[in-house]
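What follows is each chain in one-letter form.
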Amino acid sequence: MIAAVPMAHGLILAGCLFAIGLIGVLVRRDIIFVLASIEIMLNASGLAFVVAGSRWGQPDGQIMFIFILTMAATEVSVGLALALQLHGRLRTLDIDAASKMRG
Amino acid sequence: MLQLLWLVPALPFAGFVLLALSGRRLPDRWVPFIGVGSVGLSLLAAVLVATSFLAAPPPGYAYSQTLWTWMSVGSFTPGITLYLDALSLVMVVVVTFVGFFIHLYSAEFMAGGEGYGRFFAYMNLFVGSMLTLVLASNLLLLYLGWEGVGLCSYLLIGFWYQDSYNGYAARKAFVVTRVGDAALAIGLFLIFNSLGTLEIQDLMRRAAQQWAPGSALALSAAALLLVGALGKSAQLPLQTWLPDAMAGPTPVSALIHAATMVTAGVYLIARTNVLFALAPAVQLAVAVIGAVTLLLAGFSALTQWDIKRVLAYSTISQIGYMFLALGVGAWTAAIFHFMTHAFFKSLLFLAAGVVIMSLDEEHDMFKMGGLRRSLPLAFWTFLVGAASLSALPLVTAGGYSKESILYQAWAGQAGSPWLWAVGIAGAFLTGMYSFRMVFLTFFGEMKQQPSKKPSIDIGIPLVVLAALSIAGGYIDLPRTLGNLPILSSFLQNTLPPTVIAQPAIDTELVLGVIAGVVPLIGIYFAYLLFFQRRPAYADGPTRVARGGPLYRLWFAGWGFDWLYDRLIVRPFVWAARADKDDVIDSVYDGITRLNVVFNNLLSGTESGRVRWYAAGIALGAVVVIAIGVFA
Amino acid sequence: MEAVFYISGAIAVLSTIGVITRLNAVHALLYLVVSLIAVALVFYSLGAPFVAALEVIIYAGAIIVLFVFVIMLLNLGPQGSREERQWLSLKTWVGPAVLGVILIAELVYTFGLQPSHPAGVSVVEPQQVSIALFGPYVLGVEMASLLLLAGLVGAYHLGQRDDFRRPAQPEAEESKTGTRSDYLAHEGRALSSSTEKGAGSEIGPARLKGDEQ
């Protein structure tokens, strides 16, 4: 039932997922993909917490994951609302199109 | 009743705050109630404090009241502490008394003009600052009052700021006194650095223990304090601001000359007398500077046509007497003369103000004349003031105080016949220029009809101050005349007693007679030259001198302005011009330009593209992790 | 169970790569679901059954459904894929890929340095998690609730579609027709290629209303 893998392996898995998510954020221009990539990154960091928590057999890592989950849910709902706005105003999902304010 | 002491400076400050906050919303008819009332209540508090102080002197003949600790840095904990002893008591009473009457006079004098409330706000702040200065128990608080006084003088000299000349005069007063203030500040640093305290009583005690008389530290500390005092008291070589300070309204001149500001230097030296006693060379310098100043200013006063400028030079000259007294160790005589001078000088200014006001802002004495009958109150009070200024013997207050100074300049601890001779020459000049004013203004043919008469509000201060200009002298009668030194013996509770080298009653008598007769001779000369205008005499000093180089030199105040203009102002302006393109600033400009370049560089990265920013963050993370991992 | 960890880990990595390389958004989302379920398995194998369940329910369930909703709402069709193909040239991949590889290398290097310690030797029961969550972490729960509220308000505000037509007030007439016809172009393509403007203008608002419901 229990996989006693080295903690480093779990962390490396988290790091790989995170880096892939990062590449996705940097490469994709479609806001839907960008948001999905951000979800991947958040999920990866949550994974790192869970791995660390399980290494000590403590619940704290999972609690952090729950908080990250909450954050991700909020983020994606606001982000998708922004995507709707972007599409409604600029007729595109290209995130680079929304660069008028140079923010 | 001594606990009321804090009210004395607090009330004028409260008046200032009220007036400043209400601004123009306050109707003009309410302004005097606050402006004059605050100083009046302050006078009342001062009188109450004085009576209880005299009735039951506190232990050690000094009372100190700590209101709160100003700041606390290590061992440096200056408090907002008021310190009342004989010296500060005399100062406080004179300042509030004269200040109150000047305020009362101003209520009428300034009425109807623009900035009525502003004027009283400044005046109250002025009086409050001076009281802070006088009552301060440590030099830092004294410095606060000192700077407050400087600030108010700037504000009030430039009160009519629409005229650019007034602004110039205010700036000049501010800048010139700033020279002295800087020296005073350095003096404070020096004292704190070597004695570890700024509490005046402590530091004098420690200085007497730790510093050898004439040691370099004592000399430099005293010299720096002296320069500070010179700036504030308009003594050589920092006297040039005072004649130009006449640009302010007349009551301001009265306040600056009589109660506040210029006497601050005298007070500072008297207050720190131990430091000066430890530095005999500096004390001698005080005496010499006083003597030279009184003589030079006397000559300049003789040539001015502007009645207020005559009074300004006379103030410089009289403060010179006080410095002379301080220099020869006649501490009490200096304070005595300060007191009588406060009475008669404020009287003279206020009376001159009446003349100027009733002649529609005419300052030129040669365009006045014959006002004796049309302005009797102004004439009689001005006459009393002039008599007191020229030190008529027996009947005037100025006579007693000046006679006391002159006697001690001869016979005092550090006195010498030379200093006495200069003082006597100055007394001759004083009599001459004082009555020159009287004769030119009030006698002779009438050239201009007065357009308005002073009201009762103006009359009361004149009469009261005139009475004191006569009676103020009887508070301290010399040995030759009844020997009743009330003020001196009171002040000697605080100030060191005056040491007379060879106390001989007949010397004192002879010197007293000479000091009494010389002003009369001066007045007689003025009578001949300016009343009778006898050609035989007029050919002598006046006509030849008029327009002659000497006359012009005197008129221009010995050319100090010219000298400073050439020596300091022009080189400075030239340097400023030369540096117009900011040669020195190019380094800083370079920094600015570098910033602009980097800004352009960085604003190029501000594309508005989220992915671009994310790439920046990622790159930063990679670099930081790399540093963390591999370094 | 080590095998479960490694296999599902590999699936997670591969399907995640699939997410970021797909051109079609729906395909990418399917890969994302796979990736998330794989991660849930990883959690389970590490002795964290509670978060494994949460991962499936909330990530793979709720969040993905949200994505699907939006994609359906926007109704992009084949046009999106075409744009994507245009945007995703090989050149754009180089820089991010280099960065990502360096990051992975750094992480691997760092974790490789540590003396390895087995993780997941014991199961952390949901009970323990709950006790800790409402014990020492109760403040965090409160803050999370605040965050959710803010997200709710933000999403509600940003989701109002009427706002689209407001900003171009001065040329209201023109932009209105412009945006509408533009909008119709999309709608029309989705509904039927031969829809007329007049008919579409009636369908448009009706369609909008339906969206809001």
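Being a predicted model, the structure only gives us computed values, none of them experimental. (Residues numbered from 1 in each chain as written. Chains lettered and ligands numbered in written order. Predicted model: local features only at pLDDT ≥ 70, side-chain atom pairs only at ≥ 80, totals over all residues. Heavy atoms only, no water.)

1. Focus: the overall build of chain A
When you go through chain A residue by residue, the secondary structure sums to 3 helices and 1 strand. Walking chain A from its N terminus toward its C terminus, one meets helices and strands in the order β-α-α-α. Looking at chain A residue by residue over its 103 residues, the buried ones come to 70%. If you take every contact in chain A between residues at least 6 apart in sequence, the share linking residues at least 24 apart comes to 53%. When the accessible surface of chain A is summed, it comes to about 3,200 Å², and 70% of that surface belongs to carbon and sulfur atoms. (Helix = DSSP H or I, 4+ residues; strand = E, 2+ residues; numbered from the N terminus. Buried < 20%, exposed > 50% of the residue type's maximum accessible area, 1.4 Å probe, protein only. Contact = heavy atoms within 4.5 Å. Areas by Shrake-Rupley, 256 points an atom, 1.4 Å probe, with all protein chains shown as cover.)

2. Quick notes on the overall build of chain B
The helix and strand tally for chain B stands at 27 helices and 4 strands. Per-residue burial over chain B gives 56% buried out of 631 residues. At a minimum sequence separation of 6, the contacts of chain B that also span at least 24 residues come to 80%. In the structure as shown, chain B presents an accessible area of about 25,300 Å², 69% of it carried by carbon and sulfur atoms.

3. Things to note about the interface of chain A and chain C
How big an interface is tends to be stated in terms of accessible area lost as the parts join. Between chain A and chain C, the contact holds 71 residues from the first and 86 residues from the second. Our count for the contact surface shared by chain A and chain C stands at 6 residue pairs in polar contact (both at pLDDT 80 or more). The dominant element in the side of chain A that touches chain C, judged by the number of residues it contributes, is helix H3 (residues 60–90) of chain A, at 24 residues. The residue inventory of the side of chain A that touches chain C, partitioned by class, reads 46 nonpolar, 16 polar and 9 charged. (Polar contact = N/O pair within 3.5 Å; in protein donor to acceptor, adjacent residues only side chain to side chain. Nonpolar A, V, L, I, M, F, W, Y, C, P; charged D, E, K, R; others polar.)

4. Some details on the interface of chain C and chain B
Listed as interface residues are 6 residues of chain C and, on the opposing side, 8 residues of chain B. Between chain C and chain B the total buried area reaches about 650 Å² when both faces are included, carbon and sulfur atoms providing 83% of it. When residues of chain C are sorted by the area they lose upon contact with chain B, C:Leu99, C:Glu106 and C:Tyr109 head the list and together hold 69% of the total. The tally of links between chain C and chain B comes to 0 salt bridges. When its residues are assigned to classes, the side of chain C that touches chain B shows 4 nonpolar, 1 polar and 1 charged. (Buried area = accessible area lost by both parts, 1.4 Å probe. Salt bridge = Lys/Arg side-chain N within 4 Å of Asp/Glu carboxyl O.)

5. Observations concerning the confidence of the model for chain B
Residues and elements named next belong to chain B. Here chain B shows a mean pLDDT of 82. Residues at 70 or above account for 95%. Here residues 535–545 scores under 50 on pLDDT; set against residues more than four positions off or in separate chains, the count is 11 contacts. Under the prediction, the complex receives an ipTM of 0.91, its pTM being 0.63. (pLDDT = per-residue confidence, 0-100.)

6. Details of the environment of B:Gly248
All names here are of chain B. Position of Gly248 among the secondary structure elements: in the loop between helix H9 (241–244) and helix H10 (250–259). In sequence terms Gly248 and Tyr161 are 87 residues apart; their C-alpha atoms lie 9.5 Å from each other. Beyond its immediate chain neighbours, meaning those up to four positions away, Gly248 contacts Leu156, Ile157, Trp160, Ser253 and Lys308.

7. Points about the environment of B:Ala208
All names here are of chain B. Secondary-structure assignment places Ala208 in helix H7 (residues 200–210). By relative accessible area, Ala208 is classed as partly exposed at 47%. Residues Ala208 and Ala277, 69 residues apart in the sequence, show an inter-C-alpha distance of 9.3 Å. Other than its neighbours up to four places away in sequence, Ala208 contacts Val274 and Leu278.

8. Concerning the packing of H10(B) against helix H15 (residues 331–358) of chain B
Between two packed helices, the angle of one axis relative to the other and the distance separating the axes together describe the packing. All names here are of chain B. Running from amino to carboxyl end, H10 crosses H15 at an angle of 170°, the nearest separation of the two axes being 8 Å. In terms of orientation, H10 and H15 fall into the roughly antiparallel class. Contact residues: H10 offers Thr250, Ser253, Ala254, His257 and Ala258, while H15 offers Phe338, His341, Ala342, Lys345, Ser346, Phe349, Leu350 and Gly353. In terms of residue class, the contact of H10 with H15 is made up of 6 nonpolar, 6 polar and 1 charged. (Axes fitted to C-alpha atoms, helices over the stretch in contact; angles between N-to-C directions. Parallel < 35°, antiparallel > 145°, perpendicular 65-115°, else oblique.)

9. Section: a nonpolar patch on the surface
Together, B:Trp562, B:Leu563, B:Leu567, B:Ile568, B:Val569, B:Phe572 and B:Val573 make up an exposed nonpolar region whose accessible area comes to about 710 Å². Tracing the sequence through the fold places B:Ile568 in helix H25 (residues 560–578). (Patch = residues over 30% accessible without salt bridge, like charges linked within 9 Å, V, L, I, M, F, W, Y side chains within 5 Å.)

10. Some words on the pairing of strand E2 (residues 79–85) of chain B
Every other side chain in a regular strand lies on the same face of the sheet, so the side chains alternate between the two faces. Residue and element names in this part refer to chain B. With 7 of 7 residues buried, E2 is to be regarded as a mostly interior element. The alternating pattern of E2 places Gly79, Thr81, Tyr83 and Asp85 and Ile80, Leu82 and Leu84 on opposite faces, both of which are buried. Judged from the 7 bridges that link them, strand E1 (residues 62–69) and E2 form a sheet pairing that is antiparallel. Each bridged residue has a counterpart across the sheet, and for Ala62 the counterpart in E2 is Asp85. (Pairing = 2+ DSSP bridges.)

11. Brief notes about the environment of B:Lys402
All names here are of chain B. Structurally, the position occupied by Lys402 is in helix H18 (residues 397–411). For the pair formed by Lys402 and Gly423, sequence separation is 21 residues and the distance between their alpha carbons is 9.1 Å. In contact with Lys402, other than residues within four places in its own chain, are Gln318, Tyr321, His337, Leu389, Ala391 and Thr430.

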